[in-house]
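Summary of the model geometry
Next come the chains, spelled out residue by residue.
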Amino acid sequence: MSGKECFKVLDKIFVPKNVQREEDIKGYTIKYGHIIENGDIIDEVLVSYFKAPKSYTTENMCEINTHGGNVLMKKILDMCLKNGARLAEPGEFTKRAFLNGRIDLMQAESVIDVINSKTEKEAKTSMKQLEGFLSKKIKDIKNKIMDVMVNIEVTIDYPEYDVEEVTKNQIINMLDEVYPELKDLESSFDNGKLLKEGIKTAIIGKPNAGKSSLLNAILKEDRAIVTEFAGTTRDSIEEFVNINGIPIKLIDTAGIREATDEVEKIGINRSKEIAKDADLIIAIFDATKELSKEDLEILDIIKDKKYIILLNKMDLEAVIDENDKHLKDFSKNIIKISALNDWGLDRLYSKISEMFNFSEINFDNEVIITNLRQKNLITKAIEDISKVKEVIKNEMPIDIIAMFIKNILEDLNSITGEEVSEDIINEIFAKFCLGK
Ligand code: GDP
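Now for a description of the structure that goes with this document. Here the structure is a predicted model, which is why all the values come from computation and not from measurement. Per chain, residue numbering runs from 1 following the sequence as it is written. Residue-level local features of this predicted model are given only where pLDDT is at least 70; pairs of side-chain atoms are given and counted only at 80 or more, and the full residue set underlies all totals for whole chains, interfaces and linings. Side-chain figures throughout are based on the complete set of non-hydrogen atoms in the structure, without hydrogens or water.

Concerning the side chain of S110
Put simply, DSSP H or I for four residues or longer makes a helix, DSSP E for two residues or longer makes a strand, and each gets a number counted from the N terminus. Note on placement: S110 falls in helix α4 (residues 105-116). When checking whether two residues touch, look at their non-hydrogen atoms; a contact exists if any pair is within 4.5 Å. Apart from the residues within four sequence positions on either side, S110 is in contact with S126, Q129 and L130.

Here you go:
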């Protein structure tokens, strides 16, 4: 429970072994006692006390640790509600932490990301955001702009000093400095998005090449399949796997699994369609057979995408290798495997990691944007910088330039939540689960 009155509500249902007056209880203490209703003991519990402002929400807070179980928890929750508490909205605890100024909007958003993280790398990145690294970066950029704004105000207020040219030069220098910083943040989203959503990966290949064997081998290696959800646009299943910390979203796994007989097996047209929205295509060929017309069509599909070619069934006698005349242009990304024997998968994973720079990203030091709302605002700030450059080039008066610079500041303020509408705040917190 959080809020000024939460200890009063607690008092009505909790009898601690050592009774103390509210003002004598220190924050960060745990009290042992019983939840009691009409003289009956409902549960034996521990209650943690947090006193404003030193709590998650910065308000008075308490947490009841019950033995758990649906019946008990619901009972105690009902007792809290009957005695004056109300159920929190989704994300309301974090929302209060934001509204009370303990964290900014970016940090609040990263709370959801930390909770929903599917790989350790993603959790680490979100945790860094929660700690405020990204916020600090944005704040630094804002400060550079503000410094120049102060000079501009002086120029506007005291036109007789005629320092407009000097100020304009300062503006240009400042823009040249913050522009690449924002660009870096913007491009970090490419990795951030993959980190958060997984590398959308399609396995294609003609019937009997070994697609389902590969799929099974991959799924077997993943020690924690986190989600399995029906795709929204097609009736396909997408599976998220975490392999050596690489988040991979396998698309159309249903298509592979359900293809049991020859007629049903995935045709080239279907492969084309699947390949269209993949970040990575794994094309699998049966190395015991010469490449067929269909295989060549597959090569044609993948040539303009990020791809890895697997020559499968290497436990048998292979008749093709990377020197095959059709494969020569592709030889950099060819890996030999035996899907049936789980052989060569480690090289597949290292290749993916290398292709998506995952091994190069330093998750400890780099600031990575994973949130689309934040990324869009950074893109807007970059566009607004270009507009400022243009009005300067067009010799607009300084007060007009100032107006355009303020747009950049507004974009940055919306990221951290200093200037953001209530609707957007509500939208952000609606994504939270209850009680967070
Ligand atoms: P799909 O039609 O592309 O999904 O291919 P499957 O995974 O169903 O494999 C077709 C046949 O090839 C099956 O009989 C598999 O057991 C066999 N197969 C798949 N991978 C290998 C492999 O690495 N070595 C051998 N010897 N057989 C394989």
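Things to note about unusual backbone geometry
Cis peptide bonds are those with omega within 30 degrees of zero, and the linkage from A52 to P53 qualifies with 0°. With phi around 75°, N208 is a residue other than glycine that occupies positive phi space.

A word on the environment of V178
Among the structural elements, V178 can be located in helix α7 (residues 164-197). We call a residue buried when its accessible area falls under 20% of the maximum for its residue type, exposed when it is over 50%, and partly exposed in between, using a 1.4 Å probe and counting protein chains only. Residue classification places V178 among the buried residues on the basis of a relative accessible area of 1%. When the C-alpha atoms of V178 and I382 are compared, they prove to be 9.2 Å apart, with 204 residues separating the residues in sequence. Those residues in contact with V178, other than ones at most four positions away along the chain, are I141, K144 and I385.

A look at the nonpolar core
Core analysis: the largest hydrophobic core is formed by 32 residues, its most contacted members being I171 and L412. Elements represented by at least two residues in this core include exactly α6 (133-157), α7, α13 (372-393) and α14 (398-416). What I171 contacts, discounting residues up to four positions off in sequence, is V148, I152, V388, I392, I398, I401 and I405. The next biggest cluster of nonpolar side chains, apart from the first, holds 30 residues, and it includes I199, I246, A339 and Y349. Throughout, nonpolar core names a set of buried Ala, Val, Leu, Ile, Met, Phe, Trp, Tyr and Cys residues whose side chains join them through atoms within 4.5 Å.

A word on the pairing of strand β10 (residues 307-312)
Within β10, six of the six residues are buried, leaving the element largely enclosed by the surrounding structure. On β10, burial covers both faces: Y307, I309 and L311 on one face and I308, L310 and N312 on the other are all buried. Of the pairings in the sheet, the one linking strand β9 (residues 280-286) to β10 comprises six bridges and is parallel in character. Looking across to β10, one finds that I284 is bridged to L310. A crossover counts as right-handed when, viewed with the strands pointing away from the observer, the path leading from the first strand over the helix to the second turns clockwise. This β-α-β element, β9 to helix α11 (residues 293-302) to β10, shows right-handed connectivity. Two strands make a pair as long as DSSP finds a minimum of two bridges between them. Pairing of β10 with strand β11 (residues 334-336) involves three bridges; the strand directions are parallel. Bridge pairing in β11 places L310 opposite I335.

What about the sheet that holds strand β4 (residues 61-65)?
If you trace the four strands from one edge of the open sheet to the other, you get β1-β2-β3-β4, paired in antiparallel fashion. Each edge of the open sheet carries a strand with a single partner, namely β1 (14-16) and β4. The average angle at which neighbouring strand axes cross in this sheet is 40°, direction not considered. In this structure, strand β2 (residues 29-37) lies alongside strand β3 (residues 40-50), joined through nine bridges in antiparallel fashion. In the strand pairing of β3, I35 is matched with D43. Axis lines are fitted to C-alpha atoms, over the contacting stretch for helices. Their N-to-C directions set the angle, which ranges from 0 to 180 degrees.

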